[in-house]
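Below are the chains, spelled out letter by letter.
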There are 2 protein chains.
Amino acid sequence: MSDIIHTKEDLLRAARMVEPYVHRTPILTSATLNSISGAHLYFKCENFQKMGAFKMRGAVHAILNLSEDQKAKGVITHSSGNFAQAIALSAQMLGVKAYIVMPENAPEVKKSAVRGYGGQITLCPSTIEARQETVDRLIADNGATFIHPSNDDQVILGNSTLAKELIEDIPQLEYIMAPVGGGGLIAGVALAAHHFGANCKTIGAEPSVVDDAKRSLLSGKIEYNETTDTIADGLKTHLGDRNFPIIQQLVEDIILVEEDEIVSALKLVMERMKVVIEPSAAVGVAAVIKEKERFKGKKVGIVLCGGNLDFGKLPF
Amino acid sequence: MSDIIHTKEDLLRAARMVEPYVHRTPILTSATLNSISGAHLYFKCENFQKMGAFKMRGAVHAILNLSEDQKAKGVITHSSGNFAQAIALSAQMLGVKAYIVMPENAPEVKKSAVRGYGGQITLCPSTIEARQETVDRLIADNGATFIHPSNDDQVILGNSTLAKELIEDIPQLEYIMAPVGGGGLIAGVALAAHHFGANCKTIGAEPSVVDDAKRSLLSGKIEYNETTDTIADGLKTHLGDRNFPIIQQLVEDIILVEEDEIVSALKLVMERMKVVIEPSAAVGVAAVIKEKERFKGKKVGIVLCGGNLDFGKLPF
């Protein structure tokens with residue numbers, strides 16, 4: 001294996017920096033889910049993280065790593081989802097201005113959450129071109145630093161801290177299962193599993209209808225989705241040049257799951273474990289249940305990546 | 001104050017007996033809920049208890065206290081809700097037969113949960129008379145011992161164990177807030193607060209439309225409800241002769257909340273704390289938010305009594 005981009009010391013430094021700003025989230029177990037899957041499952045509850053998702057870790061780490069001059073001018077990102085809230089809250093905690101570009105059609109609840117954390121929202125038409133123009137204009141006007149939700153080294157390192165905590169709590173973990181969207185989560189998880197695990201393998205889980213990461217692993221180049229019609233709305237994006245090499249080196253496999261399997265897993269976790277998760281977080285659960293034979297009797301960590309569920313759209 | 005019916009030693013014995021059979025549930029905190037209420041809230045998560053509710057504690061304690069002869073003949077209860085599951089699961093764990101009388105119109109999901117725990121269901125028409133006849137007939141036929149869901153000393157002592165744990169974890173607690181239905185929960189909580197707390201007061205929370213317990217405290221005798229149209233379907237029942245004296249002695253007050261306040265509290269807990277609770281568990285949360293001035297700056301334990309929510313009837 002060629003050199004890993006980020007060293008163990010990089011991850012330890014990220015953990016030290018992030019620690020004062022995030023919750024060390026609990027790990028839950030469930031006799032029912034263990035019985036259904038046949039594995040020993042350890043759920044890392046990032047749904048209990050500040051603002052309700054792991055994204056807080058990458059966002060705060062990225063801002064902490066800016067220069068004083070950069071911090072004085074503020075940060076900018078585009079997101080209609082959790083990363084917008086994560087940047088807004090992180091920036092607020094660190095006394096930094098946050099510009100958030102959101103599509104006009106973003107749900108009001110997401111806009112008001114960003115506003116509640118002090119983020120300054122600029123709405124734009126819901127096209128990639130309009131979004132980029134808006135971001136470029138705001139950067140030109142204010143000198144703010146752009147932070148990408150997933151394809152950013154400091155975001156990846158920030159995300160790695162959740163898997164470091166999980167392995168510290170469950171040192172004999174044999175697998176960690178993480179959902180794959182833009183690749184920032186699984187890249188961070190895989191780095192921590194590599195540096196801190198005792199032969200702990202990282203496996204991805206992805207909805208079949210947005211299987212870009214699975215295809216990317218097979219073809220050896222970043223692939224894109226032609227359909228995005230999945231309930232796991234956090235997983236529609238594609239990998240990037242910063243996280244793909246890490247994923248190629250360190251992720252053993254990506255398991256594809258169907259939409260009905262995601263809904264079943266979502267229902268199972270909410271009804272039996274009594275925790276609220278978003279559909280993207282159910283994808284890893286669905287994958288472990290789908291491939292029972294592979295994980296039978298194994299100690300498997302599952303990243304419950306977030307809990308920002310739209311109850312109005314509950315599919316059961 | 002006249003003598004308390006159950007001594008500290010009774011409660012310690014109950015805790016020792018129950019401990020191997022139940023989860024020591026976690027206590028969650030929430031910066032958001034603290035900010036909204038102005039108090040320091042400690043949520044005792046009995047929604048994470050086995051079968052999803054505190055009822056497990058009283059049920060298992062009641063069965064453990066039977067004679068060998070009684071255990072050999074089995075136990076019987078009537079319930080369309082959590083106590084049916086609690087008796088079925090407790091009996092299964094202890095190798096005892098459980099007869100569960102349920103109304104014909106009980107939801108299929110509740111019946112199948114009881115069956116899943118090995119309970120033997122007998123359906124009856126949904127009237128108090130038919131229910132009693134069915135219970136009497138089963139007792140005559142099988143010699144099973146009846147266990148009441150809330151008006152039973154061993155059930156009350158079993159329930160006390162959750163508040164003992166809460167006070168052990170948060171010794172400086174000033175209040176514990178518990179919802180009031182049949183009175184078995186709050187009686188157990190009040191006993192533990194009295195024996196183990198450092199001047200910790202017990203306060204009840206009850207929906208206005210089923211305010212029988214509030215009226216009972218005022219009149220000095222057990223009062224009944226004429227309407228039962230509350231979303232908090234675990235709280236429709238009335239107090240009994242075993243728990244009412246304890247409540248009279250040890251419960252400082254009962255706070256009434258409206259249906260819209262319960263729904264708001266339910267939404268708040270699920271959206272912000274990311275845990276699934278049933279409407280009855282939201283009643284205590286609603287009470288603390290309603291009486292902000294009273295609890296301002298105080299350390300308040302809130303019993304999240306259960307998490308068996310019917311997602312198909314989610315009111316938001």
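Here, every reference points to the structure presented above.
Presented here is an overview of the structure given in this document. Please read these numbers as outputs of a predicted model, since none were measured by experiment.

Points about the sheet that holds strand 7 (residues 175–179) of chain B
The strands that make up a sheet are held in pairs by hydrogen bonds between backbone atoms, and each pair lies either parallel or antiparallel.
Residue and element names in this part refer to chain B.
1) Next: Pairing within the open sheet is mixed, and its six strands lie in the order 1-2-10-7-8-9. If you trace the sheet from one side to the other, it starts and ends with strand 1 (27–28) and strand 9 (251–257), each paired once.
2) Next: Where strand 2 (residues 40–45) meets strand 10 (residues 299–304), six bridges bridge the pair, whose relative direction is parallel. Its bridge partner lying in strand 10, leucine 41 is registered against valine 300.
3) Next: Packing against the sheet, helix 8 (residues 153–169) makes contact with strand 1, strand 2, strand 7 and strand 10, and its axis sits at approximately 140° to strand 2.
4) Next: In the packing of helix 10 (residues 212–219) onto the sheet, contacts are made with strand 8 (201–207) and strand 9, and the angle to strand 9 comes to roughly 140°.

What about the packing of helix 1 (residues 8–18) of chain A against helix 3 (residues 55–64) of chain A?
Residues and elements named next belong to chain A.
1) Next: The interhelical angle for the contact between helix 1 and helix 3, taken along N-to-C directions, is 95°, at an axis separation of 10 Å. Relative to helix 3, the element helix 1 lies roughly perpendicular. Seen from helix 1, the contacting residues are Ala14, Met17 and Val18; seen from helix 3, they are Arg57, Val60, His61 and Leu64.
2) Next: A breakdown of the residues in the contact of helix 1 with helix 3 according to their chemical character gives five nonpolar, one polar and one charged.

Quick notes on the interface of chain A and chain B
One frequently used descriptor of interface size is the decrease in accessible area upon assembly of the parts.
1) Next: Contacts between the two partners involve 16 residues from chain A and, on the opposite side, 16 residues from chain B.
2) Next: Between chain A and chain B, roughly 1,300 Å² of surface is buried when both sides are summed, and carbon and sulfur atoms account for 68% of that area.
3) Next: Ranking the residues of chain A by area buried against chain B places Phe48(A), Lys274(A) and Phe311(A) at the top, with a combined share of 49%.
4) Next: Applying the counting rule to chain A against chain B returns six residue pairs in polar contact (both at pLDDT 80 or more).
5) Next: By residue class, the composition of the side of chain A that touches chain B is nine nonpolar, four polar and three charged.

Parameters and conventions
- Residues numbered from 1 in each chain as written.
- Chains lettered and ligands numbered in written order.
- Predicted model: local features only at pLDDT ≥ 70, side-chain atom pairs only at ≥ 80, totals over all residues.
- Heavy atoms only, no water.
- Pairing = 2+ DSSP bridges.
- Helix = DSSP H or I, 4+ residues; strand = E, 2+ residues; numbered from the N terminus.
- Contact = heavy atoms within 4.5 Å.
- Axes fitted to C-alpha atoms, helices over the stretch in contact; angles between N-to-C directions.
- Parallel < 35°, antiparallel > 145°, perpendicular 65-115°, else oblique.
- Nonpolar A, V, L, I, M, F, W, Y, C, P; charged D, E, K, R; others polar.
- Buried area = accessible area lost by both parts, 1.4 Å probe.
- Polar contact = N/O pair within 3.5 Å; in protein donor to acceptor, adjacent residues only side chain to side chain.

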